[in-house]
Amino acid sequence: MKESEQPSIILNERVIQSSIAAETMSTGGSVASAPAKASNEPTAVIDSVSPIQMGHDLVEDATKKKKFKVGQILIRGFLCTPFLAYATALCALLVSQGWPTAAAGLLFPAGYVMLSILGLEMATGSFSVMPMGLFAGRFGLGSVIRNWSWTFVANLIGGVFFAYLLWFSLTKGGAVEPPGVLTTLAHLAEKKASYAGYGMNGWFAAIGMGILCNWLVSLAPVFAKGSRSVPGKIMLMWLPLATFFSLGFEHAVVNMFVFPIGILSGADVTISQWWLWNQIPVTIGNMLGAVIFNSTLWYRTHRA
């Protein structure tokens, strides 16, 4: 073979391999399924994942969640809410020190990143993930309701526990006045209960705020499947979470911390106001936002 023909052959091999890789990614596969080239040249790693493959991965996650024992769900759900509470308290501290609310909210995703890396269970994420397994035929509606119910209960217990722990620690068991972070959280709880002043319009507005919230928040576990690297996953998850918190939408699991600590810190809110005018309608809205826009419309559109 002539030496002049070798560069042309090498170039043709690269073109063919690039075409194979592109076709594999477009059908939801990975570059690893393409034939490996025996060469000393570094191999490029494509970090992004196609929406079809993301859907497949989420169905596998839902199938794993379905197999969790009740004890596993309770522990993982209990441990989840405190990390959201840490992030919420951080945002409240920054607001009490003069930060704009929207700017402080940009740091909120730190809490979700921590709980996600630890593999904990959050009800609002399951509102999006579990129906995908149902639609894929992996399990029935009973498994979805089982996961949602136990995760919700566990998140609530974790939120109330952490709220009391934080309040007791910062006020020395009520011996000193609540510091700025607690008074800010108390004002936030009062604001979140203000839907009561608008009657049924307020109640449905709370549902709307819940829909707007979890259309975004329940995308965090979806976006996490869009990258193969940890930095990529963190960056993608950060986008919907920071947007939701900065806009002030209503998140059922965050409110499981905000209301208990707000009431402990002197907020003019009763437990019945918390549940009737926020927790119940917001939870309904969170479910609708996740199931309609992510589990149904997005997943069904990309399902193979």
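Residues numbered from 1 in each chain as written. Predicted model: local features only at pLDDT ≥ 70, side-chain atom pairs only at ≥ 80, totals over all residues. Heavy atoms only, no water.

### Digging into the overall build of the protein chain
- When you go through the protein chain residue by residue, the secondary structure sums to 13 helices and 0 strands.
- Listed by position from the N terminus, the elements making up the protein chain come as α-α-α-α-α-α-α-α-α-α-α-α-α.
- Put simply, the protein chain has 304 residues, and 44% of those count as buried.
- Restricting the contact set of the protein chain to residue pairs at least 6 apart, pairs at least 24 apart contribute 80%.
- With the model as given, the accessible surface of the protein chain reaches about 14,900 Å², and the carbon-plus-sulfur share is 68%. (Helix = DSSP H or I, 4+ residues; strand = E, 2+ residues; numbered from the N terminus. Buried < 20%, exposed > 50% of the residue type's maximum accessible area, 1.4 Å probe, protein only. Contact = heavy atoms within 4.5 Å. Areas by Shrake-Rupley, 256 points an atom, 1.4 Å probe, with all protein chains shown as cover.)

### Here we look at helix H8 (residues 180-192)
- Over its 13 residues, H8 extends 18 Å from the first C-alpha to the last, a length consistent with the 18 Å expected when each residue adds 1.5 Å.
- Taken residue by residue, H8 has Val 181, Leu 182, Thr 184, Leu 185, Ala 186, Ala 189 and Lys 192 as its buried positions.
- Its buried side turned inward, H8 meets helix H3 (70-96), helix H7 (141-171), helix H12 (252-264) and helix H13 (271-302). (Expected span 1.5 Å × (residues − 1).)

### Some points on the side chain of Asn 286
- Within the secondary structure, Asn 286 is located in helix H13.
- Take Asn 286: its relative accessible area is 0%, and that puts it in the buried class.
- If near-sequence neighbours (up to four positions away) are discounted, Asn 286 is found in contact with Thr 124, Phe 127, Gly 210, Ile 211, Cys 213, Asn 214, Glu 250, His 251 and Ala 252.

### Concerning the confidence of the model for the protein chain
- Overall, the prediction assigns the protein chain a mean pLDDT of 89, with 85% of residues at 70 or greater.
- Under a pLDDT of 50 for its full length, residues 1-36 has, in the predicted model, 27 contacts with residues more than four places off or in other chains. (pLDDT = per-residue confidence, 0-100.)

### Brief notes about the pattern of salt bridges
- Applying the stated criterion across every chain yields a total of 4 salt bridges.
- Between Arg 138 and Glu 60 there is a salt bridge, and its shortest N-O distance comes to 2.6 Å. With a gap of 78 residues between them, Arg 138 in the loop between helix H6 (123-135) and H7 and Glu 60 in helix H2 (residues 51-66) connect regions that are remote in the sequence.
- A salt bridge links Lys 225 to Asp 61; the nearest nitrogen and oxygen atoms lie 2.7 Å apart. (Salt bridge = Lys/Arg side-chain N within 4 Å of Asp/Glu carboxyl O.)

### Some thoughts on the layout of surface pockets
- The calculated volume of the largest pocket comes to roughly 590 Å³.
- Lining the largest pocket are 24 residues, with Asp 61, Ser 116, Gly 119, Pro 221 and Lys 225 sitting closest to its centre.
- Residue assignment for the lining of the largest pocket shows that the elements contributing at least two residues are H2, helix H5 (109-117), H6 and helix H11 (230-247).
- Broken down by class, the residue content of the lining of the largest pocket amounts to 13 nonpolar, 4 polar and 7 charged. (1 Å grid on protein atoms, 1.4 Å probe; cavity = no way out; pocket = protein on both sides within 12 Å on 5 of 7 lines; lining within 4 Å. Points joined across faces, edges and corners; volume = space filled by probe spheres on them. Nonpolar A, V, L, I, M, F, W, Y, C, P; charged D, E, K, R; others polar.)

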